[in-house]
Amino acid sequence: MMSNSISRGELWLQTLVPNAKRLAGLCPSVQAADGELNGEAVRFIAVVPDANNHYPRAAKGEVGLLEGWTLAKVVSETIAADADKAVKRPIVAVIDVPSQAYGRREEGFGIHQALAGAAAAYANARLAGHPVIGLLVGKAMSGAFLAHGYQANRLIALRDPGVMVHAMGKASAARVTLRSVEELEALAASVPPMAYDIDSYASLGLLWETLSVSQIEQPTADDVVRVSECLVSAIKDIG
């Protein structure tokens, strides 16, 4: 068992790529490591909290300026490294991102360009022949999800109340729609695009698979096997 004192994204990265050395030269909030699935080399990438982030708005796992450009760097370097190879490495985006980073500095320094750079890099990887899998283990919110994982060939979500997808957090969405959080939740019960739960998101047809695990925050050996096998199946399905 593993401690749940770290974010779900970091926990599942550690779980799927145990004891693997992290890629050097990245900002602390973006972690990438090379592992294997079914004997095939795979690159795993996660965005994680960094309490000492140079941009405080991105300290809790949000995707901001550093994260967007660093994701673009990692994915683009993966494409370049495999350019002359007949078989391109699969890329697994481990997704637990609560939001894009909101702040005046972020807006002023072009967070839209940083996140677009990340999304474009993932799209380029997919178009270059890299199987790209998005594994949702926590929150997948707002522009953070668009930048990290949404460009995947296949999206897999673990079934858990903590796995949520939406354009906004509940408090923000309630303010924008001039409703209370309770009223928003009542509306979401009948309007799937307004809901946060993974079953409602799955009903929109955007998930390739939803997968049950016994302990999402302290994965068992069986949980790891189930998730790994699902990732392998997704890669094979992409062909």
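1. Some words on the pattern of salt bridges
Working step 1: Taken as a whole and judged by the stated rule, the model has nine salt bridges.
Working step 2: The partner of Glu-77 in a salt bridge is Lys-73, with the nearest N and O atoms 3.0 Å apart. Within this pair, Glu-77 and its partner Lys-73 are both found in helix H2 (residues 65-81), separated by four residues, close to a single helical turn.
Working step 3: The partly exposed category is assigned to Lys-73, whose relative accessible area is 34%.
Working step 4: Linking Lys-85 and Asp-82 is a salt bridge whose minimum nitrogen-to-oxygen distance equals 3.4 Å.

2. So, the nonpolar core
Working step 1: One finds Trp-12, Phe-44, Ile-45, Leu-136, Leu-158, Val-227 and Leu-231 to be the most contacted residues of the largest nonpolar core, which totals 68 residues.
Working step 2: Here the element with the most residues in this core is helix H4 (residues 111-127); it accounts for seven residues.
Working step 3: Apart from residues lying up to four places away in sequence, Trp-12 is in contact with Val-94, Val-137, Leu-158, Ile-216, Pro-219, Asp-223 and Val-227.
Working step 4: Of all hydrophobic cores here, the second largest spans five residues; its members include Met-141, Met-164, Leu-184 and Tyr-196.

3. Focus on helix H9 (residues 221-238)
Working step 1: Helix length check: H9, at 18 residues, gives a terminal C-alpha distance of 26 Å against a target of 26 Å (1.5 Å per residue), a fit within 8%.
Working step 2: Within the sequence span of H9, burial applies to Asp-223, Val-227, Ser-228, Cys-230, Leu-231, Val-232, Ala-234 and Ile-235.
Working step 3: Residue Gly-239 follows H9 closely and has a positive phi angle near 75 degrees.

What counts, and where the lines are drawn
Residues numbered from 1 in each chain as written. Predicted model: local features only at pLDDT ≥ 70, side-chain atom pairs only at ≥ 80, totals over all residues. Heavy atoms only, no water. Salt bridge = Lys/Arg side-chain N within 4 Å of Asp/Glu carboxyl O. Helix = DSSP H or I, 4+ residues; strand = E, 2+ residues; numbered from the N terminus. Buried < 20%, exposed > 50% of the residue type's maximum accessible area, 1.4 Å probe, protein only. Core = buried A, V, L, I, M, F, W, Y, C linked by side-chain atoms within 4.5 Å. Contact = heavy atoms within 4.5 Å. Expected span 1.5 Å × (residues − 1).

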